[in-house]
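The residues making up each chain are set out below.
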Amino acid sequence: MSITISAVRPRTSILDKSLSRGRGEVSLSCYALLFSELVQYCQNRVYTVPELQNKLAEMGQEVGVKFIDLLFVRERSYKREIKILNILLFVKSTLWKALFGKEADKLEHANDDERTYYIIEKDPIVNKFISVPKDKGSLNCAVFTAGIIEAVLNGCGFPAKVTAHWHKGTTYMVKFEDSVIARDKQLEDR
């Protein structure tokens, strides 16, 4: 009589695997095609440029909500940020690297408004392969990324409104609610 002992490993799904394992890169041409199809999909369902930008921002928010899960749930090394500057640095570096493979170019604080911050990207990848027709000259497809940023900030407990503007490339204007500023001041007083 022989007894065989085998080590049975529990099966893990692809959702349980860490993002840091393997290369999470997508070819640029594949991304460009997918994003241009997304823009065309949204464009066929709206009539004006502001409606198109709102639709792209909504799609970006859906991506942002799911990205919070990817970054915080699956990567257990991240901690919850409680200060405005720390969450903005997280967005500028960690989130941007996960999305675009590099950090955002700049993070600035508005001189005249304590609630407003700017994330500056000189050449955003979402605008690189989009040809804007003359009748839609004010279109900035970076509102998709603004929607992602807004969803991440809101999901992390920093309610804000994020908009994309043509300035120094593309500037994402992050305007926090008053309650976030008040909470941050309380934390500084401790």
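Worth saying up front: this structure is predicted, and the values here are computed from it rather than measured.

Looking at this structure, how should I read the overall build of the chain?
On a plain count of helices and strands, the chain comes out with six helices and four strands. Per-residue burial for the chain yields a buried fraction of 36% across its 190 residues. Within the chain, contacts between residues separated by at least 24 positions form 59% of all contacts whose residues are at least 6 apart in sequence. Carbon and sulfur atoms make up 53% of the accessible area of the chain, which amounts to about 12300 Å² in all.

I'm lost on the pairing of strand β3 (residues 160-166) in this one. Help?
Consecutive side chains of a regular strand alternate in pointing toward one face of the sheet and then the other. Note that β3 and strand β4 (residues 170-176) share seven bridges and pair antiparallel. Its bridge partner lying in β4, His165 is registered against Thr171. Hairpin connection of β3 to β4: three residues between the antiparallel strands, including Lys168 at a positive phi of 55 degrees.

Would you take a moment to explain the pattern of salt bridges for this structure?
Pairing between side chains of opposite charge can happen when their charged atoms approach one another. For the structure shown, the criterion picks out 10 salt bridges. For Glu121, the salt bridge is made with Lys102, and the minimal N-O distance between the two is 2.5 Å. Of this pair, Glu121 sits in strand β2 (residues 116-121) while Lys102 is found in the loop between α3 (84-100) and β1 (106-109), placing the two residues 19 residues apart along the sequence. Residue class for Glu121 comes out buried when judged on its relative accessible area of 3%. Residue Glu150 is joined to Lys161 by a salt bridge in which the shortest nitrogen-to-oxygen separation is 3.7 Å. Taken together, the positions of Glu150 in helix α5 (residues 143-155) and Lys161 in strand β3 put the pair 11 residues apart, joining distant regions of the chain. The structure contains a network of salt bridges with shared partners spanning Lys92, Lys97 and Glu103.

Would you explain the nonpolar core in this entry?
Generally speaking, nonpolar side chains in soluble globular proteins are found buried as a group. Of all hydrophobic cores here, the largest spans 43 residues; its most connected members are Leu153, Tyr172, Val174 and Phe176. If you list the elements that add at least two residues to this core, you get α1 (28-43), α2 (49-73), α3, β2, α5, β3, β4 and α6 (178-189). Sequence-distant contacts of Val174, that is, excluding residues within four places in its chain, are made with Leu88, Arg115, Thr116, Tyr117, Ile119, Leu153, Ala160, Lys161 and Val162.

Thresholds, definitions, all that
Residues numbered from 1 in each chain as written. Predicted model: local features only at pLDDT ≥ 70, side-chain atom pairs only at ≥ 80, totals over all residues. Heavy atoms only, no water. Helix = DSSP H or I, 4+ residues; strand = E, 2+ residues; numbered from the N terminus. Buried < 20%, exposed > 50% of the residue type's maximum accessible area, 1.4 Å probe, protein only. Contact = heavy atoms within 4.5 Å. Areas by Shrake-Rupley, 256 points an atom, 1.4 Å probe, with all protein chains shown as cover. Pairing = 2+ DSSP bridges. Salt bridge = Lys/Arg side-chain N within 4 Å of Asp/Glu carboxyl O. Core = buried A, V, L, I, M, F, W, Y, C linked by side-chain atoms within 4.5 Å.

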